[in-house]
Amino acid sequence: MEKLFDVFVKINGSVSVKGSKEDVCMIDFLGTAEGKYFNGRVMGTGTDTQHISKDGKTRLSARYILEGADISGEQCRIFIENNGSFEEGFVPRIVTDSKTLAQFEDGELYAEVVCRDKDDVVVSVFGKIS
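Scoring rules and cut-offs
- Residues numbered from 1 in each chain as written.
- Predicted model: local features only at pLDDT ≥ 70, side-chain atom pairs only at ≥ 80, totals over all residues.
- Heavy atoms only, no water.
- Pairing = 2+ DSSP bridges.
- Helix = DSSP H or I, 4+ residues; strand = E, 2+ residues; numbered from the N terminus.
- Salt bridge = Lys/Arg side-chain N within 4 Å of Asp/Glu carboxyl O.
- Buried < 20%, exposed > 50% of the residue type's maximum accessible area, 1.4 Å probe, protein only.

A word on the pairing of strand β3 (residues 38-42). Where strand β2 (residues 22-34) and β3 come together, two bridges link them in antiparallel fashion. Bridge pairing in β3 places threonine 32 opposite arginine 41. The turn linking β2 back onto β3 is made up of three residues. Inspection of the sheet shows β3 paired to strand β5 (residues 58-70) by five bridges, in the antiparallel sense. Bridged to arginine 41 within β5 is glutamate 67.

Right, here's the structure in full:
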């Protein structure tokens, strides 16, 4: 697997609800993407929905669209839905209008999420290059 790009996330605000079985927090974010295969920015805001069970286990699901240029220099957009947990890992799903990056729509992908502080997160997306 090779790193495709990093997404540098800046938290923009959040809302939450505490339920009887779980708490849910929706975090809006801005960000930029940098890497060998894509460089760009988050369009509008992305949202990370966190489901936190009463035993402390957290499931995350982030969705956002990036706009920028692929490795060939062509302008494109990438939709990312990244699901998982810190315990089990993260699996992103990509949809793109880039001919060069289209291989990742059905490709084997994984992501690493690193929280540098409460408002600063880096998401690294890896894929198998064909």
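This part is about the pattern of salt bridges. The tally for this structure, following the rule as stated, stands at 10 salt bridges. For the salt bridge of aspartate 120 with lysine 10, the shortest nitrogen-to-oxygen distance reads 3.3 Å. A residue pair is termed long-range when its members are at least 10 positions apart, and aspartate 120 in strand β9 (residues 120-127) and lysine 10 in strand β1 (residues 2-18) qualify at 110 residues. Residue lysine 10 is classed as partly exposed on the basis of its relative accessible area, which comes to 44%. Sharing partners across several salt bridges, the network here consists of Lys10, Arg116 and Asp120.

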